Amino acid sequence: MRTVRLCVCLLLSATLLTLAGCKKAGFKSYDVGIKNCGATPDPVTVKEGDQVRWQPGDQHDYTIRFSHPSEPTGNPFTVKQGVSNPAHPIRGHGGCVPSANGEFYCKYTVIRDNESTACADPGVHIIP
């Protein structure tokens, strides 16, 4: 009985470790800096499933807004200066412009400190 329990525990542990490893395999995280209303790099090139972290590098907070409310990532969202902002997964390409070979270009606006006018229109390039 003891051997059976040990085998079951080992099997479950191996399964959980395998699934946890597969979940993150192949996905990358990219940083986009925002300074003086400009985003760098522009565009950032990612694959679906990758994550992008927007980080202000000046004394302002910014709002990021894509044309589609849920793709390529849920938005709009605010990124604050002086803190570590969360990464946002790129889940799709709704509201984006298709280009060659199944790629998409997704423009987004950068709005400084809740101003009414967008100050930059950079993009995310999604490759297959």
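Structure shown above.
Cut-offs applied
Residues numbered from 1 in each chain as written. Predicted model: local features only at pLDDT ≥ 70, side-chain atom pairs only at ≥ 80, totals over all residues. Heavy atoms only, no water. Salt bridge = Lys/Arg side-chain N within 4 Å of Asp/Glu carboxyl O. Helix = DSSP H or I, 4+ residues; strand = E, 2+ residues; numbered from the N terminus. Buried < 20%, exposed > 50% of the residue type's maximum accessible area, 1.4 Å probe, protein only. Disulfide = S-S within 2.5 Å. Phe/Tyr/Trp six-rings, centres within 6.5 Å; stacked < 30°, edge-to-face > 60°. Core = buried A, V, L, I, M, F, W, Y, C linked by side-chain atoms within 4.5 Å. Contact = heavy atoms within 4.5 Å. Pairing = 2+ DSSP bridges.

Participant: Is there a simple way to explain the pattern of salt bridges in this structure?
Facilitator: Side-chain pairs of opposite charge can arise where the charged atoms are in close proximity. For the coordinates displayed, the defined rule picks out three salt bridges. Here Arg53 ties to Asp31 by a salt bridge, and the two come within 3.5 Å at their closest N and O atoms. A residue pair is termed long-range when its members are at least 10 positions apart, and Arg53 in strand β4 (residues 51–56) and Asp31 in strand β1 (residues 29–35) qualify at 22 residues. Ionic pairing is found between Arg112 and Glu115, a salt bridge with its closest N-O pair at 3.6 Å. Under the relative-accessibility criterion, Arg112 is labelled partly exposed at 21%. Judged by its relative accessible area of 39%, Glu115 falls in the partly exposed class.

Participant: Can you walk me through the state of the cysteines in this structure?
Facilitator: The final tally for this structure, using the stated rule, is two disulfides. Across the disulfide from Cys37 sits Cys119; the S-S distance is 2.4 Å. Here the S-S torsion is close to -85°, and the disulfide linking Cys37 with Cys119 is therefore left-handed. With Cys37 in the loop between β1 and β2 (38–40) and Cys119 in the loop between β9 (104–112) and β10 (123–127), this residue pair connects regions lying 82 residues apart in the sequence. For Cys119, a relative accessible area of 30% corresponds to the partly exposed category. Sequence-ordered numbering of the disulfide-bonded cysteines in the protein chain gives the connectivity 1-4, 2-3.

Participant: Sorry if this is basic, but what is going on with the packing of aromatic side chains here?
Facilitator: Aromatic rings in a pair are described by how distant their centres are and how their planes are angled relative to each other. As enumerated under the stated definition, the model contains four aromatic pairs in all. Here Trp54 and Tyr108 contribute two aromatic rings whose centre-to-centre distance is 5.5 Å and whose plane-to-plane angle is 80°, an arrangement assigned as edge-to-face. Placement of Trp54 in strand β4 and of Tyr108 in strand β9 is noted, with a sequence separation of 54 residues between them. Each member of the pair, Trp54 together with Tyr108, is buried.

Participant: Hey, could you run me through the nonpolar core in this one?
Facilitator: For soluble globular proteins, the rule of thumb is that nonpolar side chains tend to be buried together. Within the largest apolar cluster, 22 residues are counted, with the highest numbers of intra-cluster contacts made by Trp54, Ile64, Tyr108 and Val124. Contributions of two or more residues to this core are made by β1, β3 (44–47), β4, β5 (62–66), β6 (77–79), β9 and β10. Among the elements that line this core, the one with the most residues is β9, at four residues. Among residues more than four places away in sequence, those in contact with Val124 are Pro43, Val44, Val46, Trp54, Phe66, Phe104, Tyr105, Cys106 and Tyr108.

Participant: Explanation requested: the pairing of β5 in the structure shown.
Facilitator: Across a regular strand the side chains alternate sides, sitting on one face of the sheet and then on the other. Counting buried residues in β5 gives four out of five residues, a clear majority hidden from the surface. Note: β5 against β6, three bridges, orientation antiparallel. Its bridge partner being in β6, Thr63 is matched across the sheet by Thr78. Of the strand pairs in this sheet, β5 and β9 are connected by five bridges, and their pairing is antiparallel. Each residue of the ladder has a partner; that of Ile64, found in β9, is Val110.

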